[in-house]
Amino acid sequence: MNKNEKVDALLHKRRDVMLGGGEKAIQKQKESGKLTARERIDLLLDKGSFNEYDLFVQHDARDFGMAEKVLNGDGVIIGTGTIDGKPVCVFAQDFTVVGGSLGYMHAKKITKIQDVAMKMRVPCIGINDSGGARIQEGVSSLAGYGEIFYRNTQASGVIPQISVILGPCAGGAVYSPALTDYVFVVDKVSKMFITGPEVIKTVLGEEISQEDLGGARVHSEITGNAHFFAHNEEECFLQIRKLLSFIPHNNKSGAGKLQSEKPEVNIDINSVVPIDPTIPYDVRQVIKAVTDKSDFIEVMEKFAQNIVVGFGRIDGKTVGFIANQPFYLAGVLDVNSSDKAARFIRYCDAFNIPIVTLVDLPGYLPGVDQEHAGVIRHGAKVLYAYSEATVPKITVILRKAYGGGYIAMSSRHLNADFVYAWPTAEIAVMGPQGAANIIFRKEIMEAENPEDMRKQKVEEYKERFANPYVAAAKGYVDSVIEPAETRGMLIHALLLCENKEEVKSDRKHGIPPF
Ligand code: HXC
C-alpha cells in the first residue's frame, strides 16, 4: 500500500466505525424520536470544533458470544470541543450499539475524558442514552461504573458536570447523572429508572410504562432528579449553552464580568409586593427588575416551586438567586424546597458565585406529612448550607420573615454580609393571628366579646412587630430601603464583597444533614 492508499483505508475505516450500530439501528433511533450521538455532539458544540478521541477502542469481552462481536466505538463517543469559544469535554453514549450499554472499555473511554476535564479544569458534559451495565460483561461493567462514580465525586465542586438524559437510561446509567451538578431532560425522550418496566413486571408483577416510571416530567416535577426540562433536543442543547454562559468553568476561574446592562422588563418594583400580606405575587418579577437585561436562568423550575433558584447578572457579574415564591404554598420551606435551596447554595459556594436571597415566607410548613417526611432533617440543610457558605451573601427581606424561616433565609445570624429590608417587611416569631391567639389567650377567653378582643390583639401585635424596624433597631437589618433602591444597593454590596475573605476552619469537612 502506498501512502495515499493508506490514507484512503483510514478514511474508510473511520467512516465505518462512525456509523455506530449501522444504518438500520440508526433508522430505529430516529423512529423513536431521537437524534444520533454524533448529531447531538454537533448540536451542542461550536460548529466544527469537535475533536474525537479513542474512535477505534474495542471491548475485550469474551463471554456470551461477545468474542466475535465488533462494537463500533464500544458504544460511546468521547472528545473535546468548544462552546462559545471556551473548551469543554464531552461524551455521548450511542444507543445504536448494544443499547449504549456500558462495558469496561466503554467506561474507560468515559473516565479518560473525565480525567482530561479535571486536569484541564474544563466542564464535562455527558450525553446519556444507555441500558445500563452491559449484562454480558458482568462485574467488569460494574467496575466501570464504580470508576466513573469515583471521578464524578472527585470532580464535584471543581468543574461543572452536566448530564443530559436522552433515552431510556437504566440501572447504573442513572447514578453518574445523579452525582453531577445539572441533569437535563427532554419531554418524551428522557427516561431514568433503576430497574426497567420488564424487571418490575417480573419481580413485582406490575405493569408500568417507561414514561410513567421515570419520564422527563416525572423527574422535573416529582422526584427532583432533573434540573432543566426541554421540549426537544435542540432546545435542550441551547439551554446547556446558556447555563454555561452564566457559570464559571471551574472553581478558580470566576464567571467573568460582562458589560453592565439595565433591567429590560418594564416593572414598577415599588408596586410588586401587595400591601395585604395574604395576597401572593410572583417573586420572579423582583428578580427580573434587578438583573441585567432581566435575564434569569431558573434551575429546577417545576420542582418545589415554593422556592425559586437560578442565575442572573448584576452589574455584569453572575449571582445566584434564592427566593421564596409567595405564588406557591405561600413560599414556605418544606422538605423539597429545603433540599433544592441547600444544594443550590452549596453549588454557588463551591464555584464562588455570590448569593442574593429574597425573603418572603411564613416559615417551615407544619403538619404530620412534613414532620414524618423529615422536615427537621431536610430543613436543617438550609441552615447548614447558608452557615457554611463563605461567598458574598446579600439578603433582602421583601415581606414576611417569620420564625425559623427568618433565621434560615440567610439572616444576619447565619453570617450574611448585608441584610436589607423593604418597608413592607414583617419580621416576627410567627404571623400576627397565631401569635395573638397564644400570648393573649387568657384576655381573649375572658373578654365580653372574644372575637373583638382577638381582632384588637392581632392589631396590637401587628403594630408592634409586623414591620422591619424592631430588627433594624437591633442591627439585624442594615438598612430599610425602598424597593426601587434595591438594584443600586445590590451593586454596591457586590462591589464591596469583591475581595471578601473568611478564615476557614482547619477541619477536613463538616457533617451536613444529608
Ligand atoms: C446488554 C443491552 C442492555 C444491557 C439493552 N441492551 N440494555 N445489552 N446489556 N444492559 C441491548 C438490547 O439487548 C438490544 O440489543 C439493544 O440494546 C436495544 O435494546 P431494546 O431493549 O431493544 O430497546 P428498548 O426497547 O428501547 O428498551 C431499552 C431498555 C431495555 C428499557 C433500556 O433494553 C432494558 O430494560 N434494558 C435493561 C435495563 C436494565 O435493567 N439495566 C440494568 C443493568 S444492571 P439488540 O441486539 O436486540 O438490538 C446495572 C447495575 C449497575 O446497570 C448498578 C450500578 C450502581
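Calculation criteria
- Residues numbered from 1 in each chain as written.
- Predicted model: local features only at pLDDT ≥ 70, side-chain atom pairs only at ≥ 80, totals over all residues.
- Heavy atoms only, no water.
- Helix = DSSP H or I, 4+ residues; strand = E, 2+ residues; numbered from the N terminus.
- Buried < 20%, exposed > 50% of the residue type's maximum accessible area, 1.4 Å probe, protein only.
- Contact = heavy atoms within 4.5 Å.
- Areas by Shrake-Rupley, 256 points an atom, 1.4 Å probe, with all protein chains shown as cover.
- Lys, Arg positive; Asp, Glu negative; His and termini not counted.
- Charge placed at Lys NZ, Arg CZ, Asp CG, Glu CD.
- Salt bridge = Lys/Arg side-chain N within 4 Å of Asp/Glu carboxyl O.
- 1 Å grid on protein atoms, 1.4 Å probe; cavity = no way out; pocket = protein on both sides within 12 Å on 5 of 7 lines; lining within 4 Å.
- Points joined across faces, edges and corners; volume = space filled by probe spheres on them.
- Nonpolar A, V, L, I, M, F, W, Y, C, P; charged D, E, K, R; others polar.
- Near = heavy atom within 4 Å.
- Polar contact = N/O pair within 3.5 Å; in protein donor to acceptor, adjacent residues only side chain to side chain.
- Patch = residues over 30% accessible without salt bridge, like charges linked within 9 Å, V, L, I, M, F, W, Y side chains within 5 Å.

Student: Give a detailed account of the overall build of the protein, specifying residues and quantitative values.
Tutor: Each helix and strand counted, the protein has 20 helices and 17 strands in total. Viewed in the frame of its principal axes, the protein has a C-alpha envelope of about 105 × 55 × 45 Å. Taken across its 514 residues, the protein has 52% of its residues classed as buried. Sequence-distant contacts in the protein: of pairs separated by 6 or more residues, those separated by 24 or more amount to 73%. Of the accessible surface of the protein, which amounts to about 24300 Å², a share of 55% is contributed by carbon and sulfur atoms. For the protein, the centre of its 59 positive side-chain charges and the centre of its 65 negative side-chain charges are spaced 5 Å apart.

Student: Run through the pattern of salt bridges, naming residues and quoting values.
Tutor: Per the counting criterion, the structure on display carries 32 salt bridges. Notably, a salt bridge pairs Arg-241 with Asp-84, separated by 3.2 Å at the nearest N-O pair. Of this pair, Arg-241 sits in helix 10 (residues 233-246) while Asp-84 sits in the loop between strand 2 (76-83) and strand 3 (86-93), placing them 157 residues apart in sequence. Assessed through its relative accessible area of 18%, Arg-241 is described here as buried.

Student: Tell me about empty space enclosed by the protein, and name the residues and values.
Tutor: With the rule as written, the count across this model stands at two cavities of 30 Å³ or more. Forming the boundary of the largest cavity are Phe-91, Gln-114, Cys-124, Gly-126, Asn-128, Asn-152, Gln-161, Ile-162, Ser-163, Ser-176, Pro-177 and Thr-180. Sorting the residues of the lining of the largest cavity by element identifies strand 4 (124-128), strand 5 (161-165) and helix 6 (175-179) as the ones contributing at least two each. In the lining of the largest cavity, the residues fall into four nonpolar, eight polar and no charged. Here the second largest cavity is characterised by a volume of approximately 60 Å³.

Student: So what's going on with the layout of surface pockets? Residues and values would help.
Tutor: Within this model, the second largest pocket holds a volume of roughly 320 Å³. Taken together, 16 residues line the second largest pocket, and the ones lying closest to its centre are Phe-228, Phe-229, Gln-239, Glu-298 and Glu-301. Those elements that place two or more of their residues in the lining of the second largest pocket are helix 9 (216-223), strand 9 (228-230), helix 10 and strand 10 (296-299). Class assignment of the residues belonging to the lining of the second largest pocket gives a composition of six nonpolar, four polar and six charged.

Student: Help me get a handle on the site of the ligand, residues and values and all.
Tutor: Around the ligand, the surrounding shell holds 18 residues, and the nearest of these are Gly-99, Gly-131, Ala-133, Ile-135 and Gly-172. The contact in question runs from a nitrogen atom of the ligand to an N or O atom on the backbone of Gly-131, over 2.9 Å. The contact in question runs from a nitrogen atom of the ligand to an N or O atom on the backbone of Ile-135, over 3.1 Å. Across the complex, the protein chains shield 58% of the 1000 Å² of accessible surface that the ligand would expose by itself. Of all the secondary structure elements, the ones that give two or more residues to the shell around the ligand are helix 5 (139-155) and strand 6 (168-170). Along the lines of polarity and charge, the residues of the shell around the ligand split into eight nonpolar, eight polar and two charged.

Student: Help me get a handle on a nonpolar patch on the surface, residues and values and all.
Tutor: There is a patch of nonpolar side chains on the surface, built from Val-429, Met-430, Ile-438 and Ile-439 and spanning about 380 Å² of accessible area. Positionally, Ile-438 belongs in helix 16 (residues 432-439).

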